[in-house]
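Working through the structure, step by step
Take a look at the letters that make up each chain.
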Amino acid sequence: VWIYEQSADIKNRFLLGKRGNRPLVCCGVNPSYASPEDLDPTMKNVEAFAKANGYDSYIMINLYPMRATNPNKMHKVEDEEIICKNLRFIETVLSAENCDIWAAWGTLIKTRKYLCECLQRLVKIADAYGCKWYTIGEKSKEVYCYTES
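Here the structure is a predicted model, which means the values were calculated and not measured.

Let's talk about the nonpolar core
Of all hydrophobic cores here, the largest spans 34 residues; its most connected members are Leu63, Tyr64 and Leu94. Where this core is concerned, the elements lending two or more residues are strand 2 (13-18), strand 3 (23-28), strand 4 (57-62), helix 2 (80-96), strand 5 (100-103) and helix 3 (114-128).

Right under this line is the structure:
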């Protein structure tokens with residue numbers, strides 16, 4: 001069963017994935033135009049990674065919900081309304097499961113100043129529900145931007 005939440009105008013995607021008993025939550029910077037009917041290479045990689053590591057499903061979330069194939073095309077100034085809506089969808093996912101979250105944004109988090117604040121807000125939600133964070137490969141200092149003052 002698909003999980004798929006987007007804005008009516010399709011400019012923002014909040015969630016994309018499949019329901020299961022043990023989902024991997026993957027967190028990127030911003031979503032692509034992928035959908036259940038048209039998964040892009042990133043979504044196919046997330047699905048394969050989840051299966052290869054013992055998860056029965058996956059859910060893609062993003063720090064900022066604006067769809068853009070190039071993160072440099074994201075809003076120059078954050079849109080608080082879509083951030084709050086995004087965080088509500090994320091909290092619904094994280095509150096339902098004791099989730100593992102794959103931090104998969106790399107250095108793209110530096111694309112916009114507001115992304116670290118979005119991460120700080122997401123981390124508070126994840127911490128409230130006992131979620132565990134994971135990365136693949138060597139961690140960049142950008143993984144830790146939410147701890148910077």
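There is more to say after this.
A closer look at the environment of Ser95
Looking at where Ser95 falls in the secondary structure, it is placed in helix 2. Sequence separation between Ser95 and Ala126 is 31 residues; the distance between their C-alpha atoms is 8.4 Å.

What to know about the pattern of salt bridges
Overall, the coordinates contain five salt bridges when judged by the stated rule. Where Glu47 meets Lys18, a salt bridge forms, and the shortest distance between an N and an O atom there is 3.1 Å. Residue Glu47 is located in helix 1 (residues 41-52), and its partner Lys18 is located in strand 2; the two are separated by 29 residues in the primary sequence. We classify Lys18 as partly exposed; its relative accessible area is 29%. Taken together, the shared-partner salt bridges connect Lys18, Glu47 and Lys51 into one network.

A look at the pairing of strand 4
In summary, the side chains of a regular strand alternate between the two faces of the sheet. Of all six residues that make up strand 4, six are buried, and the element is covered over most of its length. Neither face of strand 4 is open: one carries Ser57, Ile59 and Ile61, the other Tyr58, Met60 and Asn62, and all of them are buried. Relative to strand 4, strand 2 is paired through two bridges, and the arrangement is antiparallel. By the bridge assignment for strand 4, Leu16 is matched with Met60. Two strands pair when backbone bridges link them, and strand 3 and strand 4 are joined in this way by six bridges, in the parallel orientation. In the strand pairing of strand 4, Cys26 is matched with Met60. The parallel pair strand 3 and strand 4 is bridged by helix 1, and the resulting crossover is right-handed.

Calculation notes
Throughout this document, residue positions are counted from 1 along each chain, in the order its sequence is written. Local features in this predicted model are restricted to residues whose pLDDT is 70 or higher, and side-chain atom pairs enter the listing and the counts only when it is 80 or higher, whereas totals over whole chains, interfaces and linings include all residues. With hydrogens and water excluded, all non-hydrogen atoms of the structure serve as input to the side-chain values. Put simply, buried Ala, Val, Leu, Ile, Met, Phe, Trp, Tyr and Cys residues joined by side-chain atoms within 4.5 Å make one nonpolar core. Relative accessibility thresholds used throughout: buried, under 20% of the residue-type maximum; exposed, over 50%; partly exposed, between the two (1.4 Å probe, protein chains only). Labels follow the DSSP assignment, with helices taken as runs of H or I lasting at least four residues and strands as runs of E lasting at least two, numbered in each case from the N terminus. Salt-bridge detection follows one rule: a side-chain nitrogen of Lys or Arg within 4 Å of a carboxyl oxygen of Asp or Glu. Each pair of strands is called paired provided DSSP finds at least two bridges between the two strands. Orient the strands so they point away from the viewer; a crossover is then right-handed if the path from the first strand over the helix to the second runs clockwise.

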